[in-house]
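So you can see what is in the structure, the chains are spelled out below.
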Amino acid sequence: MKKIIISLILLSSIFFTIKPTHAQEVYDWESLNRISDTALQLAKQERFKESADLLTYFSVKFEELPIDQETISLDHYRTITRTHENALDVILNNEISKEEKIRSLTKFRLVVDAMVSEHQPLWGSMETSIMTTFSQMKVDIEDGNNQSFQHDFNEFLSLYEVIYPSIQVDLDLQQIKKMDAHISVVEDRLFQDIPASSRVKQLTMMEEDLKAIFERVKEDEADPSLLWVMISTGSFIFLALSYVGWKKYRGEKQKQVRREREK
């Protein structure tokens, strides 16, 4: 009986190592993710030449990936390519500040992570800074401070631009178009001419759609692969206990038969 239970446990451990993905694809994307992260860390240390070398190496590895719906769609391929090219263009440009270089590398880092992370992608960590800046925009309008509003709006756009390629990878196109439409309204010169109450109302609607974007990273926090393992574990435990119970029941029945025969 012990051998049977041990066999069941070993079998379950084998299932734990199996993930519902293609191992080679996961390996390729994880490698690209690490390269993008290292390139960003080097840029933060102002080791721009080494960061550029890694970005060049990334392009070599990236070209090895097949372009198909299972690996990467053409739209996502173009998004990553544009972000990568922008990071490579600015990293060795001496006329561009360190802050702008890091911003460009961060944008690139986040979009690669978005391709890898099915749950809680890194771009979601920017929610607090983006939402805080947006809330200040509403305060500026309520206070009638147009100069401060324009400053905070520009800061919001700068932050939103960093996650924009990532949400293009992660979100439904309609969600992105709604935010694009909101931004176009606020950018229009006529926005400053409408009553403050109407501007606050417009920003409130925009805020709700912005919150919906970040809600995506909070949904399905439980990893399906983990749930699959839990279900598998429960099944094997149930099977093992059922086997033990069946053996005990069978033993009791055999004892009862022997006792009846001895009477």
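Let us look at the structure shown here.

1. Focus: the overall build of the chain
Looking only at helices and strands, one finds 10 helices and zero strands in the chain. In the chain, the order of α-helices and β-strands from amino to carboxyl end is α-α-α-α-α-α-α-α-α-α. Burial status across the chain gives 37% buried among its 263 residues. By sequence separation, contacts in the chain at least 24 residues apart represent 73% of the contacts at least 6 residues apart. Accessible surface for the chain amounts to roughly 16,200 Å². Of this, 55% is attributable to carbon and sulfur atoms.

2. Observations regarding the packing of helix α5 (residues 98-116) against helix α7 (residues 146-170)
Interaxial distance between α5 and α7 falls to 8 Å at its minimum, and their mutual angle equals 20 degrees. The angle between the axes of α5 and α7 places the two elements in the roughly parallel class. Once α5 is placed against α7, the crossing between them reads as right-handed. Residues Arg-103, Thr-106, Lys-107, Leu-110, Val-111, Ala-114 and Met-115 of α5 lie in contact with α7, whose contacting residues are Ser-158, Leu-159, Glu-161, Val-162, Ile-163, Pro-165, Ser-166, Val-169 and Asp-170. Residue composition of the contact of α5 with α7, grouped by class: nine nonpolar, three polar and four charged.

3. Concerning the packing of aromatic side chains
With the rule as written, the count across this model stands at 11 aromatic pairs. Residues Phe-153 and Phe-156 carry aromatic rings whose centres are separated by 6.4 Å and whose planes lie at 20 degrees to one another, so their mutual orientation is stacked. Note that Phe-153 and Phe-156 are positioned in helix α7 at a spacing of three residues, about one turn of the helix. The two residues Phe-153 and Phe-156 agree in class, both being buried. In this structure an aromatic cluster arises from ring pairing among Phe-134, Phe-149, Phe-153, Phe-156, Tyr-160, Tyr-164 and Phe-191.

4. Topic: the pattern of salt bridges
What the rule picks out here adds up to 11 salt bridges. Between Arg-78 and Asp-75 there is a salt bridge, and its shortest N-O distance comes to 4.0 Å. Of this pair, Arg-78 and Asp-75 both sit in helix α4 (residues 74-91), three residues apart, which is roughly one turn of the helix. Exposure remark for Asp-75: the relative accessible area of 53% places this residue in the exposed category. The residue Lys-107 makes a salt bridge to Glu-161 at a minimum N-O spacing of 3.3 Å. Of this pair, Lys-107 sits in helix α5 while Glu-161 sits in helix α7; the two residues are 54 residues apart in sequence, bridging distant segments of the chain. The class of Lys-107 is buried, set by a relative accessible area of 13%.

5. Some points on the nonpolar core
Formed by 55 residues in total, the largest nonpolar core has its most connected members in Phe-156 and Leu-210. Elements with a contribution of two residues or more to this core: α2 (23-44), α3 (48-62), α4, α5, α6 (127-142), α7, α8 (173-187) and α9 (196-215). With 10 residues, α7 is the largest single contributor of residues to this core. Once you skip the residues sitting within four places of it in the chain, Phe-156 turns out to touch Ile-130, Thr-133, Phe-134, Met-137, Met-179, Ile-183, Met-206 and Leu-210.

6. Remarks on α3
A rise of 1.5 Å per residue sets the reference length of α3, with its 15 residues, at 21 Å; its end C-alpha atoms lie 21 Å apart and thus fit the reference within 8%. Residues of α3 that are buried include every one of Phe-48, Ser-51, Ala-52, Leu-55, Phe-58 and Phe-62, and no others. Projected down its long axis, α3 carries its buried residues within an arc of 110 degrees, all on one side.

7. Things to note about the environment of Asp-140
Within the fold, Asp-140 resides in helix α6. For Asp-140, a relative accessible area of 3% corresponds to the buried category. Spatially, the C-alpha atom of Asp-140 lies 9.9 Å from that of Phe-153, the residues being 13 residues apart in sequence. What Asp-140 contacts, discounting residues up to four positions off in sequence, is Asn-145, Ser-148, Phe-149 and Asp-152.

8. Description of unusual backbone geometry
Despite not being glycine, Glu-46 shows a phi value in the positive range, around 65 degrees. Along the polypeptide, Glu-46 turns up in the loop between α2 and α3. For Gln-120, which is not glycine, the phi torsion reads 50 degrees and is therefore positive. In this fold, Gln-120 is placed in the loop between α5 and α6.

Thresholds applied
- Residues numbered from 1 in each chain as written.
- Predicted model: local features only at pLDDT ≥ 70, side-chain atom pairs only at ≥ 80, totals over all residues.
- Heavy atoms only, no water.
- Helix = DSSP H or I, 4+ residues; strand = E, 2+ residues; numbered from the N terminus.
- Buried < 20%, exposed > 50% of the residue type's maximum accessible area, 1.4 Å probe, protein only.
- Contact = heavy atoms within 4.5 Å.
- Areas by Shrake-Rupley, 256 points an atom, 1.4 Å probe, with all protein chains shown as cover.
- Axes fitted to C-alpha atoms, helices over the stretch in contact; angles between N-to-C directions.
- Parallel < 35°, antiparallel > 145°, perpendicular 65-115°, else oblique.
- Left-handed = near helix turned anticlockwise from the far one by under 90°.
- Nonpolar A, V, L, I, M, F, W, Y, C, P; charged D, E, K, R; others polar.
- Phe/Tyr/Trp six-rings, centres within 6.5 Å; stacked < 30°, edge-to-face > 60°.
- Salt bridge = Lys/Arg side-chain N within 4 Å of Asp/Glu carboxyl O.
- Core = buried A, V, L, I, M, F, W, Y, C linked by side-chain atoms within 4.5 Å.
- Expected span 1.5 Å × (residues − 1).
- Arc of directions from axis to C-beta.

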